[in-house]
Amino acid sequence: MADDVVIFHNPSCSKSRQTLGILEDHGVEPEVVLYKQAPPDRATLEKIVTTIDVEPAKLVRRDPEFKEAGLTPADIQTAEQVIEVLLAHPALMERPVVVKGDQVVLGRPPENVQALLD
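Note that the coordinates shown come from a computational prediction; the quantities given were computed from them, not determined experimentally. In every chain, residue numbers begin from 1 and rise along the written sequence. The model is predicted, so local features are restricted to residues of pLDDT at least 70 and side-chain atom pairs to those at 80 or more, both for listing and for counting; the totals for chains, interfaces and linings are taken over all residues. Water and hydrogen atoms play no part in the side-chain values, which are based on all heavy atoms of the structure.

Enquirer: I'd like to hear about the nonpolar core, residue by residue, with values.
Expert: The term nonpolar core refers to a set of buried residues drawn from Ala, Val, Leu, Ile, Met, Phe, Trp, Tyr and Cys, joined through side-chain atoms within 4.5 Å. Any residue under 20% of the maximum accessible area for its type is buried, any over 50% is exposed, and the rest in between are partly exposed; the area is computed with a 1.4 Å probe on protein chains only. Among the nonpolar cores identified, the biggest contains 24 residues, and Phe8, Leu59, Val60, Leu86 and Val97 are the most heavily contacted of them. Under the DSSP-based scheme used, a helix requires at least four consecutive residues in state H or I and a strand at least two consecutive residues in state E, with every element numbered from the N terminus. When residues of this core are assigned to their parent elements, the largest contribution, four residues, is made by helix 4 (residues 79-88). Ile22, Val28, Val113 and Leu116 belong to the second largest nonpolar core, which has 10 residues in total.

Enquirer: I'd like a rundown of the pattern of salt bridges, residues and numbers included.
Expert: A side-chain nitrogen of Lys or Arg and a carboxyl oxygen of Asp or Glu constitute a salt bridge if their distance falls within 4 Å. According to the stated counting rule, one finds six salt bridges in the structure shown. Arginine 61 is paired through a salt bridge with aspartate 63; the nearest N and O atoms lie 3.5 Å apart. On the basis of relative accessible area, arginine 61 is assigned to the buried category, the value being 18%. The shortest N-O distance in the salt bridge between glutamate 94 and arginine 108 comes to 3.3 Å. In this pair, glutamate 94 is assigned in the loop between helix 4 and strand 3 (97-100) and arginine 108 in the loop between strand 4 (103-106) and helix 5 (114-117), connecting sequence segments 14 residues apart. Relative accessible area serves as the criterion here: at 32%, arginine 108 is assigned to the partly exposed category.

Enquirer: Quick rundown of the pairing of strand 1 (residues 5-9)? Include the residues and the values.
Expert: Burial runs high along strand 1: five of the five residues are buried. Going residue by residue along strand 1, you find Val5, Ile7 and His9 tucked away on one face and Val6 and Phe8 tucked away on the opposite face as well. For two strands to pair, DSSP has to find at least two bridges joining them. Pairing of strand 1 with strand 3 involves four bridges; the strand directions are antiparallel. Each residue of the ladder has a partner; that of phenylalanine 8, found in strand 3, is valine 97. Sheet topology places strand 1 next to strand 2 (residues 31-34); four bridges connect them, and they run parallel. Residue pairing in the sheet places phenylalanine 8 in a bridge with valine 33 of strand 2. Orient the strands so they point away from the viewer; a crossover is then right-handed if the path from the first strand over the helix to the second runs clockwise. Where the polypeptide runs from strand 1 across helix 1 (residues 14-25) and back to strand 2, its parallel neighbour, the crossover connection is right-handed.

Enquirer: Tell me about the sheet that holds strand 4, and name the residues and values.
Expert: Pairing is mixed across the open sheet formed by four strands, whose spatial order is 2-1-3-4. Each edge of the open sheet carries a strand with a single partner, namely strand 2 and strand 4. Taking the axes of each pair of neighbouring strands and ignoring which way they run, one obtains an average angle of 20 degrees across the sheet. In what follows, residue pairs with any heavy atoms lying within 4.5 Å of each other are defined as contacts. Axis definition: a line fitted to C-alpha atoms, limited for helices to the stretch in contact. Angles are taken between N-to-C directions and run from 0 to 180 degrees. Strands strand 1, strand 2 and strand 3 of the sheet are contacted by helix 1, whose axis makes an angle of about 160 degrees with strand 1. Along the sheet face, helix 2 (residues 42-51) touches strand 1, strand 3 and strand 4 and points at about 80 degrees away from the line of strand 4.

In structure tokens, the structure reads:
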């Protein structure tokens, strides 16, 4: 079970589709979580935020919805703040996020997922 792969995916995002394609090209059949329809819970976000190899703030998209929600960079400085923002606004999660066992990568660029395949 530790080798199961989960991708938090948005099919309308080209980077997310490319990352999924890389996984599938390597024979990996990940569990695909459409995070906008099935947002990750607090425990899942805690695992992602504390395990990923980038600063937690990079998990939050700074798109028009970010501004519409009244958020600023000051609102996502700590891991806990990132978790709270993503619980309240799941669509702001940067995509794709790929989890394999105790490894987590952000598929931006999609080639980042190679680290999980070696």
